[in-house]
Amino acid sequence: MVSSEDSAQTTAYRHLGTDGRHLQLPPGKVVCIGKNYAAHALEMNSAPPDEPILFMKPTTAIVSMHRPLAIDAGLGEHHYEAEMTVLIGERLSRATIEQAETAVAGVGVGLDLTLRALQRHLKERRWPWEKCKAFDGSCVLSAFVPATEVADLQNIQIRFTLNGEIRQNSNTALMLFPVLELLVHISGFFTLMPGDVVMTGTPEGVGPLAPGDRLDAELVGLVRESTTVLDRLA
Ligand code: ZN
């Protein structure tokens, strides 16, 4: 049995363009990058990595930033991580930089929601991260700006505001591994399909969310989305 609320949370998601139209690309897997900004690695008490750190979220993790975020406080503290997202428009396997560039259909802003206490517990045990990173609702996606409207993937200001206060404010110029290199690296392990999404890592300033919070996530000049946090069980 699937309740109407569950189906709204997990199956109704479709990729959206910033023009308000649904995109023809089917939502697929989400490949995420860990610690792609030195200042975030530092705030997590770790050194900047010398190769991209990859993990994944399934399609069922995706929700739209156009809806309120329903979090389950019973799972523990939910941290926001605002990230530039890349929507894949063409199949990529062992891609070249040129192929990666052609395959970028659009960019957006997303939240890589993370159960931080559970993550610490899993890290201590040297277990995989999936439970804290890939749970239902953990991948919150904005609408996507067409790639043709983006002048430079590595010069985009990314900003996250919580209850009117700026918490994250950085630029994709500060990524340790730039977007096209990430796509090449990822495609050496996982074939990227049209409709897949890559979350390119969070800058510094991550922190907890609570029911009642108002959020704004923005790629300055390209896309801005606002939502609120609700208690899923309330
Ligand atoms: Zn992240």
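Residues numbered from 1 in each chain as written. Predicted model: local features only at pLDDT ≥ 70, side-chain atom pairs only at ≥ 80, totals over all residues. Heavy atoms only, no water.

(A) Looking closely at the coordination of the zinc ion. Summarising the metal site, the zinc ion is bound by the protein donors E81 (OE), E83 (OE) and D112 (OD), whose distances to it range over 2.0 to 2.1 Å. Between consecutive donors of the zinc ion, the numbers of intervening residues give the motif E-x1-E-x28-D. Linking E83 in strand β6 (residues 82-88) with D112 in strand β7 (residues 104-112), this pair joins segments that are 29 residues apart in sequence. Overall, the relative accessible area of 0% leaves E83 in the buried class. (Donors = N, O, S within 2.8 Å, 3.2 Å for Na, K, Ca; no water. Helix = DSSP H or I, 4+ residues; strand = E, 2+ residues; numbered from the N terminus. Buried < 20%, exposed > 50% of the residue type's maximum accessible area, 1.4 Å probe, protein only.)

(B) View of helix α6 (residues 179-187). Turning to α6, its buried residues are V179, L180, L182, L183, I186 and S187. What you see down the axis of α6 is that its buried residues fit within an arc of 155°, all on one side. Elements in contact with the buried residues of α6: β1 (30-34), β2 (53-57), β6, α3 (97-103), β7 and β13 (197-199). (Arc of directions from axis to C-beta. Contact = heavy atoms within 4.5 Å.)

(C) How the structure looks around the sheet that holds strand β8 (residues 114-115). Ordered in space as β8-β5-β14, the three strands form an open sheet in which the pairing is antiparallel. Across the chains shown, the open sheet's two edge strands, defined by having one partner strand only, are β8 and β14 (207-208). Here two bridges tie strand β5 (residues 78-80) to β8, and the two strands are oriented antiparallel to one another. Bridge pairing links H79 to T114 in β8. (Pairing = 2+ DSSP bridges.)

(D) Structural view of the side chain of D112. The exposure class of D112 is buried, given its relative accessible area of 0%. A polar side-chain atom of D112 sits 2.9 Å from a polar atom in the side chain of K133. If sequence neighbours within four positions are ignored, D112 has contacts with F55, K57, H79, Y80, E81, E83, K133, S138 and M199. (Polar contact = N/O pair within 3.5 Å; in protein donor to acceptor, adjacent residues only side chain to side chain.)

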